Amino acid sequence: MLPWRQIVLLSITGCLAACTEDVIFQGPRWRTEPSDLILPINSPDQRATFTCEAEGSLPPQYRWSLNGTLIDLGNDYRRHMSGGSLIISNLDKDQDTGVYQCTAFNAWGSILSRRASLQFAYLDNFKTQTVRSAVNVREGQGVVLLCGPPLHSGELTFAWIFNEYPNFIQQDSRRFISQETGSLYIAKVEPSDVGNYTCVVNNTVTREKVLSSPTPLVLRNDGVMGEYEPKIEVHFPDSVPAAKESAVKLECFALGNPVPEISWRRTSGIPFPSKVKMKNSNAVLEIPNFQQEDAGTYECMAENRRGKNAARGRISFHAKPHWLQTMADTALSIEESLFWECKANGKPKPSYSWLKNGDTVTPEGRVQIENGALSIAALNLSDSGMYQCVAENKHGIIYSSAQLMVLASPPSFAKSPLRAVLKARSGSEVTLECKPQASPPAISLWKKGNEILQRTERITLLPNGTLKIANVTKRDAASYTCVAKNQFGTASTTGRLLITEPTRITMRPTNMEIIVGESIVLPCQIACDPALDVSFSWAFNGQLIDFQRDSDHFERVGGTISGDLMIRNIQLNHGGKYVCVIDTDVESLSTSAILVVKGPPGPPDKVAVEEITDSTAQISWTPGRDNGSPITGYIIQARTPFTVGWQAVDTVPEVVNGNMLTAAVVGLNAWVEYEFRVVARNAVGLGEPSPASAKTRTEDAIPDTAPTDVGGGGGTKSELVITWEPVPEELQNGEGFGYIIAFRPVGTVTWTRAVISTPGVARYVFRNDTIPPFSPFDVKVGAYNNRGEGPFSSIGTVFSAEEVPSVAPKRVRTRSVSAVQIEVIWEALPAIPERVLGYEIVYWEDDTKPDTVGKVRISGNYTLVNITGLKANTVYYLSVAAFNTAGPGPQSAPINSTTKKPPPDRAPLNIQWTMIGSTLTLHWDPVVAVETESKVTGYLVLLKRHRNNDISTILTNKTTAELSLSANDNYLIQIKAMSEGGEGVGSEPIHIHKLSECTVKSDLFRNACAVSSISAIGLLFLVDWLHSAAAYKAVPCSPSRCGAKL
């Protein structure tokens, strides 16, 4: 490409004024390159496709070559391109076989793809022959049946048929089919081998199969072949080339009698790696993924009892080239030098060549090539383009591509101008960088104001254009300009230098100790030059604090010259180093403090029971973290199935100090399963408990707790009933727990004992006809288990069962009190031998229905009882008996009594009331009883006073009543009808509020404050009355104010 065209392209894409860092490389890059193809010669598709695709900022175009010659696609009807891919139709073996290569190009250059071959696979038929010549052998002799495959292309596999299809020969130590020659080898012929053999040839590409003519195998009749030493008929070549990562197969088979055994070894003595496999009775040695270390001399040994024979061959390693180092896209300024180096590995060692835009680069003048390295001195625009390094040996060729852009532009500070204002601390060193974009690099100089700067003791001008001023003072404040120039132009940039006073930290944080949960403020305050912009940040243990994410605990407080840090609700993990960092335009300062957070101790660990007895346990543990405050002591807690949660236990020593890691727990119950845990404490408080120890049971022991609450009595005749409070399971001290009951008549010496083996039983009954009734006994109860007997309870006195009263009460009489109540009266029993504790009254409705029986018991010497809750107007039968602990005695003769009819089930209606002064007058309609109800005998007026919450009643046989009320209290009034059957249904309550709230301004109504009625007629009367009051322009007393409420 001509130089002026390069300049035009650079200008169009904006690269003329660009620096190397901003160059966008736009030449073609490979996405997909073609691959080798092997196709059946008679493929029904009859098409071959070589894929080729590249990318570039300018879309690439493509061309193809075959065997190094450009394909003219314009005049070739069988070949065309789709995108960059080449499609060949109507395949022709003679015209299309060869090596293809794709070229991608755009305005920036051209690149070649890797080479790809097209081959055709086929398999011809065997020559026509009815039957092959017979092979005559003696029994015991070895034989080779040749296959002689026909003309072909592509990989073949071989098999043999014995007599007829599909009876295929199965390979074993005596028979072998070589996949190299196709021949069948029989090491020792047996009579069963006589027959016809057909060779089957398969093409793995075309999937075609052809069969040879049969070869008869005939057994000679001149005797059996004697034994002879092995003769190797199949062996690998003396030299076997093997490609890297390929699968290598070596064949070795021998004829012989007896049948030889095959073995393999490396002559170097190096054992085979595990990847090496031996197949077909060791006739095939297979080495997958062949590598350099697998190369060497291999030996096959065939051996039988007549001798042995060996074959050797060397496997040599070869590899096509692969890249170790490639070049990268490069942009250089005009007149600079290029050096590219590529390195490849391979065996044999590859050679190198270079291409530019698909053409070979010839070393001459400025261009030099040496051992894969390309160097070009004094670059000019014509050197731009696409370059390829080519590495090649006899096994392959590879390409690596890169673009070279040669740049030419005047200086520009568009992307790296000086800051308009540069601030610097007095006494510091200032660095001003001059970095123009220019190709070739520009020459620069500095000005202070209009004066060109020269080197001095404080001023340094570096070769790269950087200006350094040491120990700056206020006199250095000025405008500075960098001027850059090359052969394409000149540019400059200016900035003003401002000198500020040093920043000082006026208040620093100090090292502190603090308790968990408290809050503190770490100060960080400064004095600084007002021209500076200041920012504060805090780091905790080397990590910057994120105030948004950690706002629950951290907050920065203060103004522009204060960066105080508030830490709220401090936790243990907040202990560490805090650094306040102050950043200004000219410097960065920091100050730090260590914060020690103290908290309750962490949980102890590894709590274990070292030793346990029936009442003690030796506990050990490891300490947890002290969390900034030394551990001062430990508390041991225990839990059993019988306790509610964890309980502190007694220890020896009584106080476990913080230096101890073991203690004895005492006061444990025997034969109880315990868990233990340990809680540490320090000056801050109690810590979290440790994990629980493994469950451990104390040893068993003789019971040491006696049953309590020993008593009894009652029961039936000739019984002594003894009761006690059972011993809790946790106090039973072992298995086999039970009770020993001992008793004796009061005043005797000998105890009678009984044993109960059920721990939950709390009652024992001794039966004996000789026991006198209500006789006192000394009683005690003890406990035992498998270890022995424990203590007895204290001795108590229990009476034997007594006899029921023998006499029935007399002169029983009844009185019907109401519809639900009957009064029963009887005569007290005279003195009798049996105890009388009280009386039992039994009642029922019908003598024929015993399930309707009711019962009332009254203790003591009472002779009257009221039975309530009965049905109205019902006949009841009643009987009285005396009772004691043995039960009721004989009943009196039944007598009957009928309850009264029920009272009316209707409340008084049309209640009217009038209040004059403090007197309330009530009127209501009479209640009339129906035939099935008791006759009304009067009315009951209930008056409930709110203040004292007391109730008073007034009985009247009229339908009116007068009540005197207090002016300072609220009342509730209810009226009920009275009858022989009792009280009737109560009326709706009448609420009377404080009379003092009533204010009457009219003389007409001064004595009549309120009128209320629960009847409709009364309400109409009230409305008419209020209208009359309005006619006199009086102000009636409002019911809501006077307190009338229905």
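Predicted, not measured: the structure shown is a model, and the values here were computed from it. Numbering of residues starts from 1 in every chain and runs along the sequence as written. This being a predicted model, a pLDDT of at least 70 is required before a residue's local features are given, and a value of 80 or more before pairs of side-chain atoms are given or counted; all residues contribute to the totals for chains, interfaces and linings. Here the side-chain values reflect all heavy atoms present in the structure, with hydrogen atoms and water set aside.

J.: So what about the overall build of the chain? Which residues, and what values?
T.: Strands are runs of DSSP state E lasting at least two residues, helices are runs of H or I lasting at least four, and both sets are numbered from the N terminus onward. If you tally the helices and strands in the chain, you get 4 helices and 93 strands. Only the C-alpha atoms count toward the radius of gyration. The rule for a globule is 2.2 Å times the residue count to the power 0.38. A globule of 1046 residues ought to have a C-alpha radius of gyration of about 31 Å, yet the chain, at 61 Å, is considerably larger. Along the longest, intermediate and shortest principal axes, the C-alpha atoms of the chain span 150 × 120 × 80 Å. We call a residue buried when its accessible area falls under 20% of the maximum for its residue type, exposed when it is over 50%, and partly exposed in between, using a 1.4 Å probe and counting protein chains only. Burial analysis of the chain (1046 residues in total) assigns 43% to the buried set. Each accessible area value is a Shrake-Rupley result obtained with a 1.4 Å probe; residue values ignore everything except the protein chains displayed when judging cover. Total accessible area on the chain stands at roughly 54,300 Å², and carbon and sulfur atoms take up 50% of it. Between the mean site of the 98 positive side-chain charges and the mean site of the 106 negative ones, the chain shows a separation of 4 Å. Asp and Glu are treated as the negative residues and Lys and Arg as the positive ones, with His and the ends of the chain left uncounted. Here the site of a charge means NZ on Lys, CZ on Arg, CG on Asp, or CD on Glu.

J.: Give a detailed account of the side chain of T215, specifying residues and quantitative values.
T.: Note on placement: T215 falls in strand 20 (residues 215-219). T215 has contacts with R132, S133, V135, L145, G195, N196 and Y197, leaving out every residue within four places of it along the chain. By definition, residues are in contact when any of their heavy atoms lie within 4.5 Å.

J.: Residue-level account of the UniProt feature "domain: Ig-like" (unreviewed entry) in the chain, with values.
T.: Under the UniProt annotation, the feature "domain: Ig-like" (unreviewed entry) is placed at residues 28-119, 124-212, 230-316, 321-405, 411-500 and 502-590. As annotated, residues 321-405 has a helix share of 0% and a strand share of 62%, and its two end C-alpha atoms lie 28 Å apart. Secondary structure across residues 411-500 divides into 0% helix and 53% strand, with the first and last C-alpha atoms of the span separated by 33 Å. UniProt positions are given in the numbering used here, feature names are shortened, and annotations may be inferred rather than shown by experiment.

J.: Got a sec to walk through the packing of aromatic side chains? Specific residues and values, please.
T.: The criterion for an aromatic pair is that two Phe, Tyr or Trp rings (for Trp, the six-membered ring) have centres within 6.5 Å, with stacked assigned to planes under 30 degrees apart, edge-to-face to planes over 60 apart and tilted to the rest. In this structure the tally under the stated criterion is 25 aromatic pairs. An aromatic cluster is defined as three or more aromatic residues linked by ring pairs; in this entry it consists of F50, W64 and Y100. Note on criteria: charge over ring means Lys NZ or Arg CZ within 6 Å of the ring centre, with the direction from the centre no more than 35 degrees off the ring normal. The residue whose ring lies beneath K780 is W751, and the NZ or CZ to ring-centre distance is 4.5 Å. The ring of F792 carries K780 above its face, with NZ or CZ at 4.8 Å from the centroid.

J.: Please give an account of the pairing of strand 37 (residues 385-393) that cites residues and values.
T.: For strand 37, a buried count of 8 out of 9 residues is recorded, marking the element as mostly surrounded by other parts of the structure. The pairing of strand 33 (residues 351-356) with strand 37 spans 6 bridges and is classified as antiparallel. Of the residues in strand 37, the one forming a bridge with Y352 is A391. Across 9 bridges, strand 37 lies against strand 38 (residues 396-407) in antiparallel orientation. When the bridges of strand 38 are listed, Q388 appears paired with S401. A pair of strands counts as paired when DSSP detects no fewer than two bridges linking them.

J.: Give a description of unusual backbone geometry that names residues and reports values.
T.: Here the residue pair Y165 and P166 is connected by a cis peptide bond, since its omega of 5° sits within 30 degrees of zero. Residue position: P166 is located in the loop between strand 15 (156-162) and strand 16 (175-177). The omega torsion of the bond from K347 to P348 falls at 0°, within 30 degrees of zero and hence cis. Mapped onto the fold, P348 is located in the loop between strand 32 (343-347) and strand 33. For N471, which is not a glycine, the phi torsion comes out positive at approximately 50°. Along the chain, the position of N471 falls in the loop between strand 46 (467-469) and strand 47 (478-486). If you check the backbone angles, W671 has positive phi at about 55° while not being a glycine. W671 gets classed as partly exposed once you look at its relative accessible area, which sits at 29%.

J.: Account for the state of the cysteines, naming residues and giving values.
T.: Pairs of cysteine sulfur atoms within 2.5 Å are what we label disulfides. Scanning the model with the defined rule gives 6 disulfides in all. Covalently, C252 is tied to C300 through a disulfide, its sulfur atoms 1.7 Å apart. One quick way to see it: the torsion about the S-S bond of C252 and C300 is about -75°, and its sign makes the bridge left-handed. Of this pair, C252 sits in the loop between strand 23 (248-251) and strand 24 (253-257) while C300 sits in strand 28 (residues 296-304), placing them 48 residues apart in sequence. Across the pair, exposure class does not vary: C252 and C300 are buried alike. Covalent S-S linkage joins C434 and C482, the inter-sulfur distance amounting to 1.8 Å. Across the S-S bond of C434 and C482 the torsion is about -65°, and the bridge reads as left-handed. Residue C434 is located in the loop between strand 41 (430-432) and strand 42 (437-439), and its partner C482 is located in strand 47; the two are separated by 48 residues in the primary sequence. Grouping residues by exposure puts C434 and C482 together as buried.

J.: Please set out the pairing of strand 11 (residues 116-123) residue by residue, giving values where relevant.
T.: Where burial is concerned, most of strand 11 is hidden: 6 out of the 8 residues are buried. Bridge analysis of strand 2 (residues 37-40) against strand 11 gives 4 bridges, and the strand direction is parallel. Of the residues in strand 11, the one forming a bridge with L39 is F120. Across 3 bridges, the pairing between strand 9 (residues 98-106) and strand 11 is antiparallel.

J.: Describe in detail the nonpolar core, supporting the description with residues and values.
T.: By size, the foremost hydrophobic cluster in this structure holds 22 residues, and its most contacted members are L250, W264, F290 and I315. Of all the elements in the fold, those that place two or more residues in this core are strand 22 (239-243), strand 23, strand 25 (261-266), strand 27 (284-287), strand 28 and strand 29 (307-325). Of the residues forming this core, the biggest block, 4 residues, is contributed by strand 29. The definition of a nonpolar core used throughout is a set of buried Ala, Val, Leu, Ile, Met, Phe, Trp, Tyr and Cys residues joined through side-chain atoms within 4.5 Å. Judged by nonpolar contacts, the second largest core, of 21 residues, contains F50, L66, L86 and C102.

J.: Tell me about the sheet that holds strand 34 (residues 359-360), and please be specific about residues and values.
T.: Within the open sheet, the 5 strands sit side by side as 30-38-37-33-34. Their pairing is mixed. The open sheet terminates on both sides in strands that have one partner only, identified here as strand 30 (330-333) and strand 34. In terms of strand pairing, strand 30 meets strand 38 through 4 bridges, oriented parallel. Each bridged residue has a counterpart across the sheet, and for S333 the counterpart in strand 38 is L407.

J.: Got a sec to walk through the sheet that holds strand 41? Specific residues and values, please.
T.: The strands making up a sheet associate through hydrogen bonds between their backbones, and the pairing can be parallel or antiparallel. Within the open sheet, the 3 strands sit side by side as 41-46-45. Their pairing is antiparallel. If you trace the sheet from one side to the other, it starts and ends with strand 41 and strand 45 (459-461), each paired once. The sheet shows a mean angle of 15° between the axes of neighbouring strands, direction not considered. The sheet contact formed by strand 41 and strand 46 spans 3 bridges and is antiparallel. Bridge pairing in strand 46 places L432 opposite L467. Lines fitted to the C-alpha atoms define the axes, with helices restricted to the stretch that makes contact. Angles between their N-to-C directions range from 0 to 180 degrees.

J.: Explain the pattern of salt bridges to me, and be specific about the residues and the numbers.
T.: In what follows, salt bridge is the name for a side-chain nitrogen of Lys or Arg lying within 4 Å of a carboxyl oxygen of Asp or Glu. Scanning the entire structure with this criterion turns up 41 salt bridges. R79 is paired through a salt bridge with D76; the nearest N and O atoms lie 2.5 Å apart. Residue R79 shares its accessibility class with D76, and that shared class is buried. Linking K871 and E845 is a salt bridge whose minimum nitrogen-to-oxygen distance equals 3.3 Å. Of this pair, K871 sits in the loop between strand 80 (864-867) and strand 81 (875-884) while E845 sits in the loop between strand 78 (838-844) and strand 79 (854-859), placing them 26 residues apart in sequence. When its relative accessible area of 48% is taken as the criterion, K871 is described as partly exposed.

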